[in-house]
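# Residue-level structural notes
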Amino acid sequence: QVQLVESGGGLVQAGGSLRLSCAASGRSISNYIMGWFRQTPGKEREFVAGIHRSGGTTRYADSVKDRFTISRDNAKSTVNLQMNSLQPEDTAVYYCAASSGLFINRVDSYTYWGQGTQVTVSS
């Protein structure tokens, strides 16, 4: 079992930046693909970014490419999401997740989830 806790969310103006952090405890995150997802009321949870176990391979949703960067430090049991050039449409609850499944970009591939952190971008 792994426990995940997100932090770093908040309110920013359009064009600003935030850095989200996911702190893990329990089983080592080196056993998992790690990902970030986001969700707004009335919408399905959507893939934002994912990173493979070694950290050498990353995937991003088209909507965040060239703006967001995912990274991991297995020794520190942390996963981060640097978000730049934020836009109002990025407003959502952001979730950190650990995957033991096959697909890095699918919600149903992830076994463990954090509680979420709110990101609000004002126009």
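What counts as what
- Residues numbered from 1 in each chain as written.
- Predicted model: local features only at pLDDT ≥ 70, side-chain atom pairs only at ≥ 80, totals over all residues.
- Heavy atoms only, no water.
- Pairing = 2+ DSSP bridges.
- Helix = DSSP H or I, 4+ residues; strand = E, 2+ residues; numbered from the N terminus.
- Axes fitted to C-alpha atoms, helices over the stretch in contact; angles between N-to-C directions.
- Disulfide = S-S within 2.5 Å.

Strand pairing in a sheet relies on backbone hydrogen bonds, with the paired strands running either antiparallel or parallel. Across the sheet, which stays open at both edges, the 4 strands sit in the order β1-β3-β8-β7 with antiparallel pairing between neighbours. Across the chains shown, the open sheet's two edge strands, defined by having one partner strand only, are β1 (2–7) and β7 (68–73). Within this sheet the neighbouring strands show an average axis-to-axis angle of 15 degrees, counted without direction. When β7 meets strand β8 (residues 78–83), the two strands line up antiparallel, connected through 6 bridges. Its bridge partner lying in β8, F68 is registered against M83.

Before going further, it helps to examine the state of the cysteines. Taken as a whole and assessed by the stated rule, the structure comprises 1 disulfide. Between C22 and C96 runs a disulfide, and the two sulfur atoms are separated by 2.2 Å. Of note, the bridge from C22 to C96 carries an S-S torsion of about -80 degrees and is left-handed in sense. One end of the pair, C22, is in strand β3 (residues 18–26); the other, C96, is in strand β9 (residues 92–99), and 74 residues separate them in sequence.

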